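Reading the structure
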Amino acid sequence: MPELPFIQVLVENLAREIEGHTIVSVRVPSPAIVKTFDPPVSALAGRRIERVRRIGKLIVSDLSDDLLLVMHLMRDGRLQIARAGSAARKGRASPAPKPMAFGLFLEGGDELRVNEAGPKKRAGVYVLRAQDAASSEPLAGLGPDPLSEQFTADVLARAVQAEPGQLKRAITQQRHVVGIGNAFADEILWEAKLSPFAPAARLSSDEVARLYAAIRSVFAAALQKHRTRFGTQLPTREPVELLRVHRHGGEPCPRCRTRIETVYFADKETYYCPACQTGGKIYADRRMSRLLK
Ligand SMILES: [Zn+2]
C-alpha cells in the first residue's frame, strides 16, 4: 500500500508534469473506478488543471470552473504519464493497454493514466464540485494532515484521549489524522518507543509529546529519502527497504539489536521491538495461535 511519503513525492512530481495543462478528453477502460456520476467524467474535458495537491493519501486536482478530480490509488493503483508519440502511446483510437483503468488526454498529447494491476480493483476516481467536496466522499470527515500546520501536539493529544482502542489503531484512524498507514504507524511508534498495543487514552503528556515529535521526524526523514530515491519520476514501486522496523520481522532492532517481533491481525501486520516498545513483552501472534489450536 503506498504510504504518505510515496504519495507526497508522487503529487510533487505529478504537479510539475500536469499543472497548467488542459484536459482534452477522458477514457475509462474500467468504469467501476469512477465512484461519482454527477458531474459526469465527461465534464473533465476542457478543464484546466490549476493545482495538484495531497489530502492524506488522496491526490486532489483543482480544475477550472470549480471542479475537483480526486484519485485514490488504494493498494494497487499507480499513475503513469504516457508521452505523446512514445511506444506506450499509439494513437488516441488505439485500445487501452492493460492494466489501465482511467486516462486523461492532455493538451500536447500526453496521457495521464491510472493503472491498476492485481485482482482486487479498489482504486477510485471522484469528480466533485468544489463547493460540495468537503462534505463528499472521499474527503468528508478527514482529520488534519500530519505534515500540515493544523496538525499540532494539542490536536494529537485530543485525538488519542478520545480513542478507546489501542494506540496503533488510534493513529491510523483517518478522522484523527489523515494518511498514517499501517507501515508508517509501526515506524512512528518504534521511533517514539511506544507500544502499538497500549491503550491510546492512557498516554501521558510526555508520551503524547514523544509521539508527536516522532510523527513529524519520521515523515520528514522518509520524505527526504523518497525525494532522493525518485528524483522527478512518478514513483511506482514502494521503497519498503527504506523502512526500519516494518517488514523487518526477525531482524535486529536498529537501536538495541533485540529481535523485531510481528503480530498478524486481519490483513495488517504489526512490527515492534519488545525491548524498546513493550517493556519486554512479546505479544501472541494471533494467526499462529489460531493455527495451533
Ligand atoms: Zn529495540
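Residues numbered from 1 in each chain as written. Predicted model: local features only at pLDDT ≥ 70, side-chain atom pairs only at ≥ 80, totals over all residues. Heavy atoms only, no water.

An unreviewed UniProt entry lists the chain under the name Fpg/Nei family DNA glycosylase, with Candidatus Segetimicrobium genomatis as the source organism. The record in UniProt for the chain states the following under Catalytic activity (unreviewed entry): "Hydrolysis of DNA containing ring-opened 7-methylguanine residues, releasing 2,6-diamino-4-hydroxy-5-(N-methyl)formamidopyrimidine." The record held by UniProt for the chain lists under Cofactor (unreviewed entry) the comment "Zn(2+)". (UniProt positions renumbered as here; feature names shortened; annotations may be inferred.)

Here we come to unusual backbone geometry. For the bond running from Asp 38 to Pro 39, omega is 0°, close enough to zero to count as cis. Not every positive phi belongs to a glycine, and Asp 66 is a case in point at roughly 55°. Owing to a relative accessible area of 52%, Asp 66 belongs among the exposed residues under this scheme. Phi at Met 74 takes a positive value of approximately 55°, unusual for a residue other than glycine. (Buried < 20%, exposed > 50% of the residue type's maximum accessible area, 1.4 Å probe, protein only.)

Taken together, the four strands give an open sheet; going across it, the order is β2-β3-β4-β8, and neighbouring strands pair in antiparallel fashion. Two strands in the sheet have a free side with no partner beyond their single neighbour: β2 (49–55) and β8 (124–129). Direction aside, neighbouring strands of the sheet carry axes that sit 20° apart on average. With six bridges connecting them, β2 and strand β3 (residues 58–63) associate as antiparallel partners. Considered in β3, the bridge of Val 52 is made with Ser 61. (Pairing = 2+ DSSP bridges. Helix = DSSP H or I, 4+ residues; strand = E, 2+ residues; numbered from the N terminus. Axes fitted to C-alpha atoms, helices over the stretch in contact; angles between N-to-C directions.)

This part covers the coordination of the zinc ion. The protein atoms that coordinate the zinc ion are Cys 253 (SG), Cys 256 (SG), Cys 273 (SG) and Cys 276 (SG), at distances spanning 2.2 to 2.4 Å. All donor residues of the zinc ion come from one chain, and their arrangement in sequence is C-x2-C-x16-C-x2-C. On the criterion of sequence distance, the pair formed by Cys 256 in the loop between α6 (205–230) and β9 (261–265) and Cys 273 in the loop between β10 (268–272) and α7 (274–277) is long-range, its members being 17 residues apart. The exposure class assigned to Cys 256 is partly exposed, which follows from its relative accessible area of 31%. (Donors = N, O, S within 2.8 Å, 3.2 Å for Na, K, Ca; no water.)

Turning next to the domain arrangement of the chain. Per the domain assignment, the segments of the chain are domain 1 (4–133) and domain 2 (153–292). The centre of domain 1, based on its C-alpha atoms, is set 31 Å off from the matching centre of domain 2. Listed by partner, the interface residues are 17 residues for domain 1 and 20 residues for domain 2. Regarding the contact of domain 1 and domain 2, the summed buried area is about 1500 Å², with carbon and sulfur atoms giving 69% of it. It is Pro 5, Phe 6 and Val 9 that lose the most area in domain 1 upon contact with domain 2, and together they represent 37% of the buried surface on that side. For the interface between domain 1 and domain 2, the tally reads one salt bridge. Linking Arg 227 and Glu 12 is a salt bridge whose minimum nitrogen-to-oxygen distance equals 2.6 Å. (Domains from an automatic or database assignment. Contact = heavy atoms within 4.5 Å. Buried area = accessible area lost by both parts, 1.4 Å probe. Salt bridge = Lys/Arg side-chain N within 4 Å of Asp/Glu carboxyl O.)

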